[in-house]
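Coordinate analysis (summary)
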Amino acid sequence: MEGFYEGNCDICMKPDNSHEHNLQRCKQCQVLVHELCYGMPPTSTKNKNFICHACKAINIEIEVNGISRIGGMNFKDLILNKDGRISLKEFISKQQLDAAAGQQSVNHSTYLVIYVKCEKLLNFYIAITDFESSKDDDDDDTIDKKPSLEDEMFNITSKERAQQIFDRYCAKDAEHRIDLPSNILSKIDDTIYNNDHDITSTLFDAAKKHVYKELEETTDLFSRYRKSTFYQKFLASQRHIMKQIDRPSECALCSVSTGLHAMHPLYDTHGKEGRQYVIPSSVAPVKKERRLAW
């Protein structure tokens, strides 16, 4: 082996040439790593120009997923996002058309029934969420909180809007009726009927939870969506850029938070969808801003 470095690998803490593992030293921070420990192809030479991942990232702009979660985005992330709901609705509409035309690979008639039901449920969920956002100025959702043009022109009250939703989706003769438990239906109906003034944003809470659960548990709906171009377009629309200002020293998987250690970027999921994970901001025990995970 060409040359020899004094010191130990920052990952396995073993010396140079331990079990014939070759050490490399970062020319910027001087951290030592065995090639195999660091995920590099093994060699028998010293690379004088080796720069570790952490040093390479300094002042680099890095694309991240807007919804950053270890293991990838889940159904709740999608349904709580306004653009996500729109994307899922477009996917369901396309699948419904394909099933009606017999273009599903198998059981197109079964899938047609499933997607017709999902479309009604999602439309109801969207209507509820729009109603809630118009009532709750503190809602963290991304939905536009300005009143609709229709509401402004005709001065539609919250009771009238709630009645419209009920008549469209919940009444016995509703145009797009969905099945809700009788106790949920009766509570909504009684609240609207007996309230002469304002209706609170919590009116449809139980219905919203029920509909969400039905959508989430619908056979392979989310897995089919994630394989579609609709999902890829949605992900692309949510991505943004973060910049790594300083050399990272905080490990997201252990207690290491100081010093110059060997660091790898931590990705939120594997494959082409994966981007570096973003650690949310925190206030306790120490206030920290959103940051890239290493």
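All values derive from a computational prediction rather than experimental measurement.

1. Describing the pattern of salt bridges
- Scanning all chains against the criterion turns up 12 salt bridges.
- Where aspartate 77 meets arginine 69, a salt bridge forms, and the shortest distance between an N and an O atom there is 2.6 Å.
- Overall, aspartate 77 belongs to the buried group, its relative accessible area being 13%.
- Judged by its relative accessible area of 35%, arginine 69 is partly exposed.
- Lysine 208 is paired through a salt bridge with glutamate 132; the nearest N and O atoms lie 2.7 Å apart. Taken together, the residues lysine 208 in helix α8 (residues 205–217) and glutamate 132 in helix α4 (residues 108–135) connect sequence positions 76 residues apart. Assigned by exposure class, lysine 208 and glutamate 132 land together as buried.
- It is possible to trace a salt-bridge network through shared partners that takes in Glu250, Lys288 and Arg291.

2. Some points on the environment of lysine 117
- Relative to the helices and strands, lysine 117 resides in helix α4.
- The spatial distance from the C-alpha of lysine 117 to the C-alpha of histidine 261 is 53 Å, given a sequence separation of 144 residues.

3. Topic: the packing of aromatic side chains
- Applying the stated criterion across every chain, the model contains 12 aromatic pairs.
- Residues phenylalanine 75 and tyrosine 212 carry aromatic rings whose centres are separated by 5.6 Å and whose planes lie at 35 degrees to one another, so their mutual orientation is tilted. You can see phenylalanine 75 sitting in helix α2 (residues 75–79) and its partner tyrosine 212 sitting in helix α8, a full 137 residues away along the chain. Of the two residues, phenylalanine 75 and tyrosine 212, neither departs from the other in class, the shared state being buried.
- Both rings, one in phenylalanine 131 and one in phenylalanine 204, keep their centres 5.6 Å apart while their planes meet at 85 degrees; by these two values the pair is edge-to-face. Pair noted here: phenylalanine 131 is in helix α4 and phenylalanine 204 is in the loop between α7 (182–194) and α8, with a separation of 73 residues, a long-range link. By the burial criterion, phenylalanine 131 is buried, and phenylalanine 204 matches it.
- In this structure an aromatic cluster arises from ring pairing among Phe75, Phe91, Tyr111, Tyr115, Tyr212, Phe222, Tyr225, Phe230 and Tyr231.
- Over the aromatic face of tyrosine 5 sits the side chain of arginine 25, whose NZ or CZ is 4.2 Å from the ring centroid.
- Against the face of tyrosine 111 rests arginine 224, its NZ or CZ located 3.9 Å from the ring centre.

Criteria and cut-off values
Residues numbered from 1 in each chain as written. Predicted model: local features only at pLDDT ≥ 70, side-chain atom pairs only at ≥ 80, totals over all residues. Heavy atoms only, no water. Salt bridge = Lys/Arg side-chain N within 4 Å of Asp/Glu carboxyl O. Buried < 20%, exposed > 50% of the residue type's maximum accessible area, 1.4 Å probe, protein only. Helix = DSSP H or I, 4+ residues; strand = E, 2+ residues; numbered from the N terminus. Phe/Tyr/Trp six-rings, centres within 6.5 Å; stacked < 30°, edge-to-face > 60°. Lys NZ or Arg CZ within 6 Å of the ring centre and 35° of its normal.

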